[in-house]
Amino acid sequence: MIGPFVEYEKNPILKPGSGFYSKAAYNPAVIKENNHYTMFFRGESYESSLTGVIGIAKSSDGFNFEIAMKPVIVPDNEHDKFGCEDPRIVKIKEIYYLTYVGNPGKYGRGNICLATSKDLTTWQKHGSILIPTNDWDKGQVKAGAVIPEPINGKYYMYFMGEKEPWKTAIGLAESEDLLKWNESLKEPVALPRSGFFDSKGIEPGPTPVITSEGIWLIYSGWGDNNIYQIGAILFDRENPSRIIERSEKPIVTPSRNWGEYYGGIPGHLVPEGLIVENDRWLLYYGVADRSCCISIWEVKK
């Protein structure tokens, strides 16, 4: 099992400021190239009724980020006209693929959306990419986390589906071109577990990590107490629907009442960013639906 992760002592690393993120700056996705870190996050403003726009911030060390003045992805279509939320990012070949949740204002519509870029600055939006086709996820789908390498000639994406609000599971979708996606199976690949921290619902986190052991998917899970904690699942490299190992206890738990700090939702951790370096894993997550934090796993060799 991966971990233990230790919370960064100077958290939060990003918090509400002004303009498009005056109310909240949270749920961060992060990518690293040439020793530079780029973060995409969900921003909310007191001056707007939108449920989110996607901002960008840059860092040279992965901890101290400078936020750009304007968001990079904003609502402009039917599928996201009420908000662009919760980004996740992966680079495949020379293209960056950013999935996000588009808020269409209606329940029961597929709302995993996609934008692509060659430079992390200029983005082309491709609309909603996965329409629910099974009974277990007919309510909505969210949280698309794309596996960064093809498996047997196809690309795969873990996603959250639900039949009714907040009673969720994790499904698997497949694609040949990364633009058009279909569900791989008629049933979920991971379910909530009675008696565990994730007994009520689960949601995929950052881009999965491929190692010699398999495919690591970090996720958030919650029980009847609605405390969102972070767990991990190891899937088979050749069969991304087969679970090899799953954390019995959370790998990250709320250490402080972030809701008390920022007036947000207490006990709410949502991981969406992960950087794997030679000797450490940097896990980025939203807290209280208001700010961004980081926890670190120092890998022993």
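Everything discussed here concerns the structure shown above.
Residues numbered from 1 in each chain as written. Predicted model: local features only at pLDDT ≥ 70, side-chain atom pairs only at ≥ 80, totals over all residues. Heavy atoms only, no water.

Participant: Could you clarify how one ought to interpret the packing of aromatic side chains in this entry?
Facilitator: The geometry of an aromatic ring pair comes down to the distance between the two centres and the angle between the two planes. Tallied over the full model, the rule gives 13 aromatic pairs. Geometrically, the ring pair formed by phenylalanine 20 and phenylalanine 41 is stacked, given 6.0 Å between the ring centres and 20° between the ring planes. One end of the pair, phenylalanine 20, is in the loop between strand E1 (6-7) and strand E2 (24-33); the other, phenylalanine 41, is in strand E3 (residues 36-44), with 21 residues separating them in the sequence. With respect to burial, phenylalanine 20 and phenylalanine 41 carry one shared label: buried. Each member of the aromatic cluster is reached from another via a ring pair, and the members are Phe5, Trp281 and Trp297. Sitting above the plane of the phenylalanine 196 ring, arginine 193 keeps its charged end 4.3 Å from the centroid. (Phe/Tyr/Trp six-rings, centres within 6.5 Å; stacked < 30°, edge-to-face > 60°. Helix = DSSP H or I, 4+ residues; strand = E, 2+ residues; numbered from the N terminus. Buried < 20%, exposed > 50% of the residue type's maximum accessible area, 1.4 Å probe, protein only. Lys NZ or Arg CZ within 6 Å of the ring centre and 35° of its normal.)

Participant: I tried to follow the sheet that holds strand E10 (residues 140-146) on my own but got confused; where do I start?
Facilitator: Think of a sheet as strands paired side by side through backbone hydrogen bonds, with each pair either parallel or antiparallel. The antiparallel open sheet is built from 4 strands, whose spatial order is E10-E11-E12-E13. The sheet is open, and its two borders are formed by E10 and strand E13 (182-183), each paired with just one other strand. One ladder, built from 5 bridges, connects E10 with strand E11 (residues 155-164); its direction is antiparallel. By the bridge assignment for E11, lysine 142 is matched with methionine 160. (Pairing = 2+ DSSP bridges.)

Participant: Please clarify how unusual backbone geometry should be interpreted in this entry.
Facilitator: Across the chain, the bulk of peptide bonds are trans and the bulk of non-glycine residues have phi less than zero. Put simply, glycine 3 and proline 4 share a cis peptide bond, and its omega is 15°. Structurally, proline 4 can be placed in the segment before E1. Asparagine 11 connects to proline 12 through a cis peptide bond whose omega is -5°. Relative to the helices and strands, proline 12 resides in the loop between E1 and E2. In this structure, lysine 93 is a non-glycine residue whose phi angle is positive, near 60°.

Participant: Which parts of the structure should I look at to understand the environment of isoleucine 265?
Facilitator: Inspection of the secondary structure puts isoleucine 265 in the loop between helix H1 (258-262) and strand E19 (269-276). Sequence separation between isoleucine 265 and valine 287 is 22 residues, and the spatial gap between their C-alpha atoms is 8.0 Å.

Participant: Sorry if this is basic, but what is going on with the nonpolar core here?
Facilitator: Counting 21 residues, the largest nonpolar core has Ile13, Leu14, Met39, Phe41, Phe65, Leu282 and Tyr284 as the members making the most contacts within it. Those elements giving two or more residues to this core turn out to be E2, E3, strand E4 (53-59), strand E20 (280-287) and strand E21 (291-298). Not counting residues within four places of it along the chain, the set of residues in contact with methionine 39 comprises Ile13, Leu14, Pro28, Ala29, Val30, Gly55, Ile56, Ala57, Phe65, Tyr284 and Cys292. Judged by nonpolar contacts, the second largest core, of 20 residues, contains Ile218, Leu234, Leu269 and Cys293. (Core = buried A, V, L, I, M, F, W, Y, C linked by side-chain atoms within 4.5 Å. Contact = heavy atoms within 4.5 Å.)

Participant: Sorry if this is basic, but what is going on with the sheet that holds strand E5 (residues 66-67) here?
Facilitator: In space, the 4 strands of this open sheet follow the order E2-E3-E4-E5, with antiparallel pairing throughout. A strand with exactly one partner marks an edge of an open sheet, and here the two such strands are E2 and E5. In this structure, E2 lies alongside E3, joined through 8 bridges in antiparallel fashion. Paired with lysine 32 across the two strands is tyrosine 37, which belongs to E3.

Participant: What is the right way to read the pairing of strand E12 (residues 167-175) from this model?
Facilitator: The side chains of a regular strand alternate, residue by residue, between the two faces of the sheet. Judged by how many residues are buried, E12 sits mostly within the fold: 7 of 9 residues are covered. The sheet contact formed by E11 and E12 spans 9 bridges and is antiparallel. Each residue of the ladder has a partner; that of phenylalanine 159, found in E12, is glycine 171. Adjacent in sequence and paired antiparallel, E11 and E12 are bridged by 2 residues, among which tryptophan 166 carries a positive phi angle near 65°. The pairing of E12 with E13 spans 2 bridges and is classified as antiparallel.

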